[in-house]
Amino acid sequence: MPLMTHASDVDDHKYPDPGAFEPDRWLSPSAPQPNDASPFLPFGGGPRFCPGRNLALIEVTMVVAMVCRHFVLEADTTSGPVGERVTFAMMPTNLGIRLHPAEHRRLDRRNAGAHT
């Protein structure tokens with residue numbers, strides 16, 4: 001959910017050299033602590049959180065599961081490296097995905113039905 005978190009994610013006061021891939025930064029004693037970081041709450045929090053949050057999470061999980069079950073996903077790298085564009089929300093650029101029908105799964109279901 002690329003919402004308005006980009007500015008806090010690239011804050012060089014909070015994360016030195018925020019664009020670098022440094023997974024060890026989270027293991028150091030000076031790593032940002034949970035109370036230092038502002039939380040990412042896409043559905044809000046407290047007594048007025050979004051009442052549809054659980055339904056939305058279940059729906060998006062089902063959509064991803066169904067796509068992964070029926071298709072083979074492949075990265076489309078023909079348009080260059082992946083980047084980002086920040087407008088109202090941060091959005092990836094050049095993040096293409098090709099979907100190929102999962103033929104082997106269709107064949108498995110046909111064969112399973114013939115044996116019953």
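None of the values given here were measured: they were computed from a predicted structure.

### Section: the overall build of the protein
On a plain count of helices and strands, the protein comes out with three helices and four strands. Taken from N to C terminus, the helices and strands of the protein fall in the order α-α-β-β-β-β-α. Going through the 116 residues of the protein one by one, you find that 8% of them count as buried. A separation threshold of at least 6 residues defines the contact pool for the protein, and within that pool the share at least 24 residues apart is 48%. Of the accessible surface of the protein, which amounts to about 9,600 Å², a share of 63% is contributed by carbon and sulfur atoms.

### Quick notes on the pattern of salt bridges
Tallying each qualifying case throughout the model produces one salt bridge. The closest approach of N and O atoms between Arg98 and Asp76, which form a salt bridge, is 3.3 Å. Residue Arg98 is located in strand E4 (residues 96–101), and its partner Asp76 is located in strand E1 (residues 71–76); the two are separated by 22 residues in the primary sequence. Residue Arg98 is classed as partly exposed on the basis of its relative accessible area of 37%.

### Observations concerning the packing of aromatic side chains
For any pair of aromatic rings, geometry is given as the distance between the ring centres together with the angle between the planes. Scanning the model with the defined rule gives zero aromatic pairs in all. The lysine or arginine in question, Arg53, covers the ring of Phe49, its NZ or CZ lying 4.1 Å from the ring centre.

### A short note on the side chain of Asp76
Reaching out from Asp76, the side chain makes a polar contact with the side chain of Thr78 at a distance of 2.7 Å. Once you skip the residues sitting within four places of it in the chain, Asp76 turns out to touch Gly96, Ile97 and Arg98.

### A closer look at the confidence of the model for the protein
Taken residue by residue, the protein gives an average pLDDT of 77. The fraction at 70 or more is 72%. Predicted confidence in the protein is weakest over helix H3 (residues 103–114), with a mean pLDDT of 61, and strongest over helix H2 (residues 53–70), with 93.

### Describing unusual backbone geometry
Phi angles above zero are rare outside glycine, and Asn94 is one such case at about 60°. With a relative accessible area of 33%, Asn94 lands in the partly exposed category.

### Here we look at the environment of Asp17
With respect to the helices and strands, Asp17 occurs in the loop between helix H1 (6–9) and H2. Those residues in contact with Asp17, other than ones at most four positions away along the chain, are Glu22 and Arg25.

### Thoughts on a nonpolar patch on the surface
Taken together, the side chains of Val63, Val67, Phe71, Leu73, Ile97 and Leu99 define a hydrophobic patch exposed on the protein surface, amounting to about 490 Å² of accessible area. When residues of the nonpolar patch are traced back to their parent elements, those giving at least two are H2, E1 and E4. In this fold, Leu73 is placed in strand E1. Using a relative accessible area of 43% as the deciding quantity, one classes Leu73 as partly exposed.

The rules behind these values
Residues numbered from 1 in each chain as written. Predicted model: local features only at pLDDT ≥ 70, side-chain atom pairs only at ≥ 80, totals over all residues. Heavy atoms only, no water. Helix = DSSP H or I, 4+ residues; strand = E, 2+ residues; numbered from the N terminus. Buried < 20%, exposed > 50% of the residue type's maximum accessible area, 1.4 Å probe, protein only. Contact = heavy atoms within 4.5 Å. Areas by Shrake-Rupley, 256 points an atom, 1.4 Å probe, with all protein chains shown as cover. Salt bridge = Lys/Arg side-chain N within 4 Å of Asp/Glu carboxyl O. Phe/Tyr/Trp six-rings, centres within 6.5 Å; stacked < 30°, edge-to-face > 60°. Lys NZ or Arg CZ within 6 Å of the ring centre and 35° of its normal. Polar contact = N/O pair within 3.5 Å; in protein donor to acceptor, adjacent residues only side chain to side chain. pLDDT = per-residue confidence, 0-100. Patch = residues over 30% accessible without salt bridge, like charges linked within 9 Å, V, L, I, M, F, W, Y side chains within 5 Å.

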